[in-house]
Amino acid sequence: MDVRTFRAPTMQEALALVRRELGPDAAVLHTRELRGSPWLRWIPGLRQIEVTAALNVNVPSRLATREAARTPAAAYAAQSQQHSSLRPAAGQTRPAFEQQIKGQLDELHSLVADLCRRTQGPGLAGLPEVLFRVYTDLIDAEVDQLLAGELIAALRQDPTLANVADPVLVKARLVRMLEHELRVAPPLDLSQGRRVAALVGPTGVGKTTTIAKLAANFRLQQRKRVGLITVDTYRIAAVEQLRTYAEIIELPMEVVSTPREMRQAVQRLSAMDLVLIDTAGRSPKDEVRIQELKTLLAEAAADDVFLVLSAVTHAAALARTAERFAEAGTTALILTKLDEAAGMGQVLPLLRACKLPLCYLTDGQNVPDDIAPADARRVARLIVGLEQR
Ligand SMILES: Nc1nc2c(ncn2[C@@H]2O[C@H](COP(=O)(O)OP(=O)(O)OP(=O)(O)O)[C@@H](O)[C@H]2O)c(=O)[nH]1
Ligand SMILES: [Mg+2]
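Residues numbered from 1 in each chain as written. Chains lettered and ligands numbered in written order. Predicted model: local features only at pLDDT ≥ 70, side-chain atom pairs only at ≥ 80, totals over all residues.

### Some details on the site of ligand 1
Near ligand 1 you find 19 residues, and of these Gly 206, Lys 207, Thr 208, Thr 209 and Gly 281 are the closest. Sort the elements by how many residues they give to the shell around ligand 1 and helix 8 (residues 207–221) lands first, with three residues. (Near = placed C-beta within 6 Å. Helix = DSSP H or I, 4+ residues; strand = E, 2+ residues; numbered from the N terminus.)

The following block contains the structure:
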């Protein structure tokens, strides 16, 4: 073993000497500062660093090679080589130690696999950039990850998109795909005779406001005779809210609280072209009150029972609500508050799965302007983000 000692005024210079004389594989065995008196060591030239180094010693070299020093990754690799001393803890047997490491690796593996599944969705590996862009836009528009993955997988199969790099063109294709899946119903048609329509749904979704919009449009623009009924007897303010609209638009209004009163009120309004029935918001969890509603509406012999849902509702809650209100005999959907929704993707599962067609859309508080008949293309464009509310 060739052990040699080098001295220089600084550590850097001493190590440079070691490297020059013994090469980059030399092992530094010891370093020390040679001090004279405390006063003398501040005098330039009197301070000395001594490095003892050797070749062919089985200890990791403390001299970073030039390659290792060049990049952070290489430096890290060189460093971790020096420190990769995974050992069993004191008292731990080798098999127990190996088992522990295996457990940690398995855990890490399942974490990474889960992360890949979440970020890629089904069938999205190696996705062309344009489809990846559309995928992330769908997620931004509140489309559920799995559903977005399914839609992208379907687009990927489409040969007409093979060389398309413009996300707008891909979205336009998606709109055509979706619009065929969305069921819409035409707006209320009074040409065939008188209609009785009720609006039901959870609290605060916009039932009363939507009734006012419909009533004002049919009365003021189409010159139809419109009558209102409210079964909202739980809160005086709710009755007053509808009465205010009735007075402004100059419409007859009835307040009912029992099935019998409902039958009588509908009869009193028999000369009307359209009777609109407002109901109190009900929690989808309240089965008793949904049954009450069913009995009341049966007495009214309603032609249309619109389920009013707010677009600012989570997909799962929309599906649950539609299912619960089906008990009351719902026939079509009205989607409100499009203007408040960040994206429209959350309504897509409902619109694809629900048997009820979408009939009206509302997008603001203004009576009577902020309402329009549902249009499948517009809804699809809103969902994929090609159109804002
Ligand atoms: N931004 C926005 N607000 C709306 C829309 N429709 C209704 N609103 C507002 O939503 C709030 C509740 O509206 P209502 O019509 O009272 O709701 P409701 O379903 O009758 O409520 P309950 O009778 O309490 O169940 C009001 O402030 C309305 O102005 C809409 O399309 N967009
Ligand atoms: Mg109301």
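### Comments concerning the sheet that holds strand 2 (residues 27–34)
Pairing is antiparallel across the open sheet formed by three strands, whose spatial order is 1-3-2. Of all the strands in the sheet, just strand 1 (3–8) and strand 2 have a single pairing partner and so form its edges. Averaged over all adjacent pairs, the angle separating strand axes in this sheet is 20°, with direction ignored. (Pairing = 2+ DSSP bridges. Axes fitted to C-alpha atoms, helices over the stretch in contact; angles between N-to-C directions.)

### Comments concerning the sheet that holds strand 7 (residues 274–278)
Spatial ordering of the open sheet is given by 6-5-7-4-8-9-10-11, a layout of eight strands whose pairing is mixed. Every interior strand has two partners, whereas the edge strands, strand 6 (253–255) and strand 11 (371–373), have only one. Between one strand and the next, the sheet's axes are offset by a mean angle of 20°, whatever the strand orientation. Pairing of strand 4 (residues 195–200) with strand 8 (residues 304–310), which is carried by four bridges, proceeds in the parallel orientation.

### Focus: the nonpolar core
In terms of nonpolar packing, the biggest core is built from 86 residues, with Ala 215, Leu 276, Ile 277, Phe 306 and Leu 333 touching the most fellow members. Among the nonpolar cores identified, the runner-up in size contains ten residues, and Ala 14, Val 18, Ala 27 and Val 51 belong to it. (Core = buried A, V, L, I, M, F, W, Y, C linked by C-beta atoms within 7 Å. Buried ≥ 20, exposed ≤ 12 C-beta atoms within 10 Å, placed from the backbone.)

### Let's talk about the pairing of strand 7
The side chains of a regular strand alternate between both faces of the sheet. Extensive coverage of strand 7 is indicated by the burial of five of its five residues. Of the two faces of strand 7, both are covered, the one formed by Leu 274, Leu 276 and Asp 278 as well as the one formed by Val 275 and Ile 277. Sheet topology places strand 4 next to strand 7; five bridges connect them, and they run parallel. Within the sheet, the bridge partner assigned to Val 196 lies in strand 7 and is Val 275. One ladder, built from five bridges, connects strand 5 (residues 226–230) with strand 7; its direction is parallel. Residue Thr 230 lies in a different strand from strand 7, and its bridge partner there is Asp 278.

### Regarding the packing of helix 7 (residues 167–179) against helix 14 (residues 376–384)
Helix-helix packing is described using two parameters, namely the angle between the two axes and the distance between the axes. Look at helix 7 against helix 14: their axes get within 9 Å of each other, and the N-to-C directions meet at 130°. Between helix 7 and helix 14, the crossing angle belongs to the class labelled oblique. When you trace helix 7 past helix 14, the crossing you get is right-handed. For the pair formed by helix 7 and helix 14, the contact residues are Lys 171, Leu 174, Val 175, Leu 178 and Glu 179 on the first element and Ala 376, Arg 377, Ala 380, Arg 381, Ile 383 and Val 384 on the second. Tallied by class, residues from the contact of helix 7 with helix 14 come to seven nonpolar, no polar and four charged. (Parallel < 35°, antiparallel > 145°, perpendicular 65-115°, else oblique. Left-handed = near helix turned anticlockwise from the far one by under 90°. Contact = placed C-beta atoms within 7 Å. Nonpolar A, V, L, I, M, F, W, Y, C, P; charged D, E, K, R; others polar.)

### Considerations on helix 12 (residues 315–325)
Of all the positions in helix 12, only Leu 318, Thr 321, Ala 322 and Phe 325 are classed as buried. Viewed along the axis of helix 12, the buried residues span an arc of 100°, placing them on a single side of the element. Every exposed residue of helix 12 that faces more than 90 degrees away from the buried side is listed here: Ala 316 and Glu 323. For helix 12, the secondary structure elements touched by its buried residues are strand 4, helix 11 (287–300), strand 8 and helix 13 (348–353). (Arc of directions from axis to C-beta.)

### Remarks on the packing of helix 5 (residues 129–140) against helix 7
Contact geometry for helix 5 and helix 7: axes closest at 9 Å, N-to-C directions at 60°. Crossing hand, helix 5 versus helix 7: right-handed. For the pair helix 5 and helix 7, contact is made by Val 130, Leu 131, Arg 133, Val 134 and Asp 137 and by Pro 167, Val 170 and Lys 171, respectively. Taken together, the residues of the contact of helix 5 with helix 7 break down into five nonpolar, no polar and three charged.

### Observations concerning unusual backbone geometry
For the peptide bond that leads from Val 367 to Pro 368, omega is 5°, which places it in the cis range. Residue placement: Pro 368 occurs in the loop between strand 10 (358–362) and strand 11. We note that Glu 142 has phi near 75°; this positive angle belongs to a residue other than glycine. Position of Glu 142 relative to the elements: it lies in the loop between helix 5 and helix 6 (145–156). Notably, Glu 250 is not glycine yet its phi reads approximately 60°, a positive angle. Looking at where Glu 250 falls in the secondary structure, it is placed in the loop between helix 9 (236–249) and strand 6.

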